[in-house]
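Given next are the chains, with one letter for each unit.
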Amino acid sequence: KYQFFVPRTFWCSNAPLADMTYLFSQLTLTDLATHLEEIRQDLVTQGLLTTKDGKIGLYSHSLYSVIAFQYATQHPEYALFIEAEAPPPYNTKEWSVEKTLFFEGNASEKRK
């Protein structure tokens, strides 16, 4: 049984979802992982967490996977699993440029 909870930090009125630069300039990975732990603790307190030993599974996508990995590093006793969909192998300016060139050269007009 899955229940999805999304941290509110991703929907700040002045920080669009895709703007990772803004997000990480305001909050550290430790801050974000701590926020996930606060959510987990609230779920336990409210009786909404039904997993064994109060553990949670984390689903993440793309570069946001780093937050799930950080959480598991900070709180291994509560990380049941990580389901990471398409985490990038690294995040550098060069990789971003190459990724953009590949997308522009290969994606359909509809996808763009």
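As shown above, the structure is provided for reference.
Residue numbers here run from 1 along each chain, matching the order of that chain's written sequence. Local features are withheld for residues below a pLDDT of 70 in this predicted model, meaning they are given only at 70 or higher, and side-chain atom pairs are given and counted only at 80 or more; totals for whole chains, interfaces and linings count all residues. To obtain the side-chain values, all non-hydrogen atoms of the structure were used and water was disregarded.

### As for the packing of helix H2 (residues 29-45) against helix H3 (residues 65-74)
Packed helices, taken two at a time, are described by their axes: the angle between them and the distance between them. Between N-to-C directions, angles span 0 to 180 degrees; the directions come from axes that are lines fitted to C-alpha atoms, helices contributing only their stretch in contact. Numbering goes from the N terminus for both helices and strands, where a helix is a DSSP run of H or I of at least four residues and a strand is a run of E of at least two. One way to put it is that H2 packs onto H3 with a least axis distance of 9 Å and a crossing angle of 70 degrees. Classified by the interaxial angle, the pair formed by H2 and H3 is roughly perpendicular. Contact residues: H2 offers Leu-29, Thr-30, Leu-32, Ala-33, Thr-34, Leu-36, Glu-37 and Arg-40, while H3 offers Val-66, Ile-67, Gln-70, Tyr-71 and Gln-74. Taken together, the residues of the contact of H2 with H3 break down into seven nonpolar, four polar and two charged. In what follows, roughly perpendicular refers to angles from 65 to 115 degrees, roughly parallel to angles under 35, roughly antiparallel to angles over 145, and oblique to any angle outside these ranges. Throughout, a residue-residue contact means that at least one pair of heavy atoms, one from each residue, lies within 4.5 Å. Charged residues are taken to be Asp, Glu, Lys and Arg, nonpolar residues to be Ala, Val, Leu, Ile, Met, Phe, Trp, Tyr, Cys and Pro, and polar residues to be all remaining types, Gly included.

### Observations concerning H3
In this scheme, a residue with accessible area under 20% of its type's maximum is buried, one over 50% is exposed, and one in between is partly exposed, where area comes from a 1.4 Å probe on protein chains only. All of the buried residues along H3 are Ser-65, Ile-67, Ala-68, Tyr-71 and Ala-72. Seen along its axis, H3 keeps its buried residues to an arc of 160 degrees; they face one direction. The arc refers to the directions leading from the helix axis to the C-beta atoms.

### Quick look at the pairing of strand E2 (residues 79-85)
In terms of strand pairing, strand E1 (residues 56-61) meets E2 through six bridges, oriented parallel. Across the sheet, Ile-56 pairs through a bridge with Ala-79, a residue of E2. Viewed with both strands pointing away, a crossover whose connecting path from the first strand over the helix to the second turns clockwise is right-handed. Regarding topology, H3 serves as the crossover connection from E1 to the parallel E2, and that connection is right-handed. Here, any two strands with at least 2 DSSP bridges between them count as paired.

### Things to note about the environment of Ala-72
Within the secondary structure, Ala-72 sits in helix H3. A sequence separation of ten residues divides Ala-72 from Ile-82, and the C-alpha atoms of the two residues are 8.1 Å apart. Apart from residues no more than four positions distant in its own chain, Ala-72 is found in contact with Ala-79 and Ile-82.

### Examining the packing of aromatic side chains
Ring pairs (aromatic) are described by centroid distance and by the angle formed between their planes. Ring geometry is summarised as follows: Phe, Tyr and Trp rings, the Trp one being its six-membered ring, pair when their centres sit within 6.5 Å, and such pairs are stacked at plane angles under 30 degrees, edge-to-face over 60 and tilted between the two. If you walk through the whole model with that rule in mind, you get one aromatic pair. Aromatic side chains Tyr-90 and Trp-95 sit 6.3 Å apart centroid to centroid with 70 degrees between the ring planes, which places their arrangement in the edge-to-face category. Of the residues examined, Trp-95 reaches a relative accessible area of 19% and is grouped as buried. Each ring is checked for a lysine NZ or an arginine CZ that lies within 6 Å of its centre and within 35 degrees of its normal; such an atom marks a charge sitting over the ring. A cation sits over an aromatic face here: Arg-40 above Tyr-78, 3.5 Å from the ring centre.

### Let's talk about the pattern of salt bridges
Close approach of charged atoms allows side chains of opposite charge to pair. Just to be clear on terms, a salt bridge is a Lys or Arg side-chain nitrogen sitting within 4 Å of an Asp or Glu carboxyl oxygen. Inspection of every chain in the model, using the stated rule, returns three salt bridges. Across the pair Glu-104 and Lys-112 runs a salt bridge whose closest N-O atoms are separated by 3.9 Å. Judged by relative accessible area, which is 45%, Glu-104 ranks as partly exposed. Among the residues examined, Lys-112 registers a relative accessible area of 39% and is labelled partly exposed.

Purely geometric numbers; function is a separate question.
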